[in-house]
Amino acid sequence: AFVSTTHHRCSERSFTHLSASEEEIDWRAFRASLVQNGLPSLDNNSSGGNNAATTSNSYAHITTPLVEVGSILVSIPTTDLCQGLDQQYWHRSVVLITEVSDNLVNGNIEQTVPDEELAVGEKRGKWSYRGIMLNRHTNSMLFGSDDDTATMEEYECDTWKIQRGGDLLGLDSNSGTQFACLHQFGHQSDAASSKLIGNISYTTLSIAQALCNENPTKYHPDDFMTFGGFCSWRPGQLEREMGEDRSEWIVLSVDWQTIWDELQLQREKATQVIAGDCSDEAQHEILVNAGTNMWRHFLEKIGMQEEQATSRLPAGQLEFYDSMLNVWAEEQLVRGGVNKGDDNDDDEDSSKPIRPGAIARAKSPPTNDMLLYDAEFLRSTILVLEEREDCTVGVILNHPMSAAIECKESEDPLPIRYGGPIDIETWRDGSYLDEYYEDDDGDDDDDEVYEGFLDYQNNEVNFEDLAFDDVNDEDVGFEDDESSFLWIHRSKTLGLKNVGTRLGSSKFWLIKEDEALEHIQAGTLQLHDTMVFSSVSIWEKGAELGQCGGGLREQVDGLHSMEVVEVDDDQMDAVWQLLTKQNVLTKESLDTNIDATIKAWDMMSTDGGEIAQNHDRRTSKVRLATAALKAYLARNLLGDPLNTPVEL
């Protein structure tokens with residue numbers, strides 16, 4: 001059980017009641033017959049196509065790109081790595097279209113979804129299509145009554161099994177969940193419902209509850225399929241996703257009984273999970289597999305086998321997508337189950353101090369949160385810069401970017417490193433504290449199903465005009481450095497001369513940009529003793545932020561996703577030497593840079609290196625961490641999520 005009306009706000013939408021007489025002809029079935037058999041001829045010897053399957057009153061055929069109310073969208077995996085990194089629930093998904101705008105070009109204004117849930121991009125805040133995801137059932141139930149004196153019979157008559165219908169006003173929305181129900185009463189129901197296809201109609205949860213309360217012998221919550229949240233597409237968005245360049249969806253016309261039967265098959269598996277009848281199979285695996293079977297069944301209805309639908313992907317990349325979907329399911333489909341939580345569940349607080357110069361590393365196996373939401377920290381080595389009352393600031397040491405600074409003639413340029421999600425300037429001026437940033441360029445046309453999708457094929461960055469800010473001789477202190485970069489050196493010679501600001505008692509020094517360049521060009525600072533960063537990582541603190549009040553301590557002792565490690569100078573020298581040999585990020589250097597990242601990370605393991613795991617689940621998470629890290633680097637730092645193979 002996961003929600004009650006006292007803890008979860010429900011937003012309701014009004015639906016137009018469309019009655020249907022018993023004599024109504026199913027025009028979709030008639031169209032399916034035409035698709036299958038062609039137009040009737042005078043000699044009764046008609047010939048037809050083969051892209052439809054009809055059996056008695058059952059039918060299924062492709063209508064792409066035609067999308068209408070009652071259409072079924074079936075997702076098709078592509079090589080876009082965003083499918084493994086963001087919104088993993090779209091992988092192998094099935095969507096039922098519930099609303100289509102009368103103006104597909106301009107769309108309807110989105111009046112119910114809060115601004116923070118709206119995807120960025122062209123025509124933000126408008127929708128042309130809405131739907132609900134059919135194949136993401138949870139083990140959660142909603143209890144409609146707040147009456148503690150309710151009898152068991154009354155209690156059972158107001159208990160609703162919940163599915164995730166989408167990411168807008170969904171189960172995790174801060175603005176409350178919009179619940180809606182499907183039913184198949186057809187014309188027999190007096191509810192204000194919106195007919196979708198055949199006998200399947202769409203109504204609000206409150207209306208469904210009223211039906212059950214007023215007619216308990218006729219209606220029961222199990223007669224409804226209840227969804228929390230919905231999904232939508234901006235004007236032109238779904239058309240692009242269906243287009244030849246992407247082909248991420250197949251649109252089907254399917255008879256209503258087949259749709260309902262598939263929902264019932266999935267419901268049976270969910271009921272089994274809710275009852276605790278799972279034998280040795282994990283709850284989330286039963287649920288996600290039931291959803292995947294629905295996806296397969298709809299493809300089979302049109303004669304498409306799974307191998308054909310996934311043919312664009314190498315087997316190992318498909319395994320990566322499936323594994324990430326499985327991680328998402330473990331987090332989002334199961335609440336309070338025996339499989340919930342990660343293997344890093346040590347509740348003891350770490351006694352190792354977090355202070356400037358301290359080193360932290362990602363734990364192994366990784367937590368689900370890190371795999372799903374913070375992939376840049378997988379296998380990471382972090383240097384703490386500041387430990388303040390309001391936050392911890394650090395840099396990831398092991399991520400060269402596809403850019404470099406030429407510091408000295410006749411020497412290779414120095415790779416610019418990605419230190420975290422906060423760029424140097426916004427860290428220094430404090431603007432990173434702004435919760436949202438305005439995006440006025442309207443240039444995010446391709447930020448669609450997989451949030452963050454960009455047309456990387458034409459994304460070329462020219463660093464020839466890279467300039468450095470002049471720093472006056474009168475400026476003192478690191479805070480006065482107006483550079484867009486953060487420079488760190490590990491030269492003991494310069495350290496002894498107090499060149500730079502020492503990080504605690506460590507052998508790391510922050511150094512101003514002009515001072516670093518001056519020493520490099522003079523030969524008193526070597527490139528292999530220097531790193532330069534474009535950004536930092538910031539973990540904010542606050543009494544309401546987790547079990548430990550936020551900061552890096554929350555990652556260590558609250559989420560158990562990182563650990564502070566004690567390394568001696570020799571160990572750190574070896575790690576530093578390995579990382580400074582990493583190259584500017586290119587397609588050719590990606591794998592070798594990752595190898596160096598993992599080796600350096602492994603050198604600082606508290607158990608003397610990553611041990612062989614005997615537990616299958618732990619082993620799979622370890623393998624998945626490397627694949628997810630590569631996918632993150634390929635998409636975010638290399639800028640090529642479409643053509644970089646990532647396989648397990």
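Below or above, wherever it landed, is the structure these notes cover. Predicted model only: the values in this text are computed from it and were never measured.

**Thoughts on the overall build of the protein chain**
Working step 1: Helix and strand counts for the protein chain stand at 17 helices and 29 strands.
Working step 2: Looking at the 648 residues of the protein chain, the share that counts as buried comes to 52%.
Working step 3: Restricting to contacts in the protein chain with at least 6 residues of sequence separation, those with at least 24 account for 74%.

**Remarks on the pattern of salt bridges**
Working step 1: According to the stated counting rule, one finds 27 salt bridges in the structure shown.
Working step 2: When the shortest N-O distance is used, the salt bridge between R635 and D86 registers 2.1 Å. In this pair, R635 is assigned in helix α17 (residues 616-637) and D86 in the loop between α2 (82-85) and β6 (94-100), connecting sequence segments 549 residues apart. The two residues R635 and D86 agree in class, both being buried.
Working step 3: In this structure, R130 and E99 form a salt bridge, with 3.5 Å as the shortest nitrogen-oxygen distance. Remark: E99 occurs in strand β6 and R130 occurs in strand β9 (residues 129-133); sequence separation between them is 31 residues.
Working step 4: If you follow the salt bridges from partner to partner, you end up with R92, R296, E306 and D322 in one network.

**Some thoughts on the pairing of strand β27 (residues 530-533)**
Working step 1: What you see with β27 is no split at all: T530 and V532 on one side and M531 and F533 on the other are buried throughout.
Working step 2: Sheet topology note: the strand β24 (residues 486-489)/β27 ladder contains four bridges and is antiparallel. Across the sheet, residue I488 finds its bridge partner in β27, namely M531.

**Considering the side chain of S128**
Working step 1: The residue S128 is located in the loop between β8 (126-127) and β9 in this model.
Working step 2: When neighbours within four sequence positions are excluded, S128 is seen to be in contact with E99, V100, S101, N103, L104, G107, W233, R234 and P235.

**A look at empty space enclosed by the protein**
Working step 1: This model, assessed by the stated rule, comprises three cavities of 30 Å³ or more.
Working step 2: A volume near 40 Å³ is recorded for the largest cavity.
Working step 3: In this structure, the largest cavity is lined by N398, H399, P400, Q582, L585, L590, N593, I594, T597 and L633.
Working step 4: The element contributing the most residues to the lining of the largest cavity is helix α16 (residues 590-603), with four residues.
Working step 5: Partitioned by chemical class, the residues of the lining of the largest cavity number five nonpolar, five polar and no charged.

**Re the nonpolar core**
Working step 1: If you look at the biggest cluster of nonpolar residues, it comprises 69 residues, and the most contacted ones within it are W233 and F320.
Working step 2: In this structure, F320 is in contact with G84, L624, A627, A628, A631, V646 and L648, ignoring residues within four places of it in sequence.
Working step 3: L169, F230, I250 and A309 belong to the second largest nonpolar core, which has 37 residues in total.

**Let's talk about the packing of aromatic side chains**
Working step 1: The final tally for this structure, using the stated rule, is 12 aromatic pairs.
Working step 2: A centroid spacing of 5.4 Å and a plane angle of 50 degrees characterise the contact between Y89 and W328, whose relative ring orientation is tilted. Remark: W328 occurs in helix α9 (residues 315-332) and Y89 occurs in the loop between α2 and β6; sequence separation between them is 239 residues. The same class applies to Y89 as to W328, namely buried.
Working step 3: The rings of Y89, W90, W233, W249 and W328 are connected pair by pair, giving a single aromatic cluster.
Working step 4: Stacked on the ring of W601, the Lys or Arg R361 has its end atom at 4.2 Å from the ring centre.

**Regarding the sheet that holds strand β22 (residues 414-417)**
Working step 1: Here we have six strands laid out as an open sheet, ordered β21-β22-β27-β24-β26-β25, and mixed in their pairing. Unpaired on one side and paired on the other, β21 (400-405) and β25 (501-502) mark the two borders of the sheet.
Working step 2: Pairing analysis gives three bridges linking β24 to strand β26 (residues 509-511), with the strands arranged antiparallel. Bridge pairing in β26 links W487 to I511.
Working step 3: Sheet contacts for helix α15 (residues 569-580): β22, β24 and β27; angle to β27, the most-contacted strand, approximately 60 degrees.

**Thoughts on helix α14 (residues 551-558)**
Working step 1: Counting buried positions along α14 gives seven out of eight residues, so the element sits mostly inside the fold.
Working step 2: Buried within α14 are the following residues: G551, L552, E554, Q555, V556, D557 and G558.
Working step 3: If you follow the buried residues of α14, they end up packed against β18 (359-362), β19 (381-387), β20 (391-396), β28 (535-540) and β29 (562-565).
Working step 4: The positive-phi residue at the C-terminal boundary of α14 is H560, with phi of around 55 degrees.

Thresholds applied
Residues numbered from 1 in each chain as written. Predicted model: local features only at pLDDT ≥ 70, side-chain atom pairs only at ≥ 80, totals over all residues. Heavy atoms only, no water. Helix = DSSP H or I, 4+ residues; strand = E, 2+ residues; numbered from the N terminus. Buried < 20%, exposed > 50% of the residue type's maximum accessible area, 1.4 Å probe, protein only. Contact = heavy atoms within 4.5 Å. Salt bridge = Lys/Arg side-chain N within 4 Å of Asp/Glu carboxyl O. Pairing = 2+ DSSP bridges. 1 Å grid on protein atoms, 1.4 Å probe; cavity = no way out; pocket = protein on both sides within 12 Å on 5 of 7 lines; lining within 4 Å. Points joined across faces, edges and corners; volume = space filled by probe spheres on them. Nonpolar A, V, L, I, M, F, W, Y, C, P; charged D, E, K, R; others polar. Core = buried A, V, L, I, M, F, W, Y, C linked by side-chain atoms within 4.5 Å. Phe/Tyr/Trp six-rings, centres within 6.5 Å; stacked < 30°, edge-to-face > 60°. Lys NZ or Arg CZ within 6 Å of the ring centre and 35° of its normal. Axes fitted to C-alpha atoms, helices over the stretch in contact; angles between N-to-C directions.

Such coordinate-based values are descriptive only and should not be taken to indicate function.
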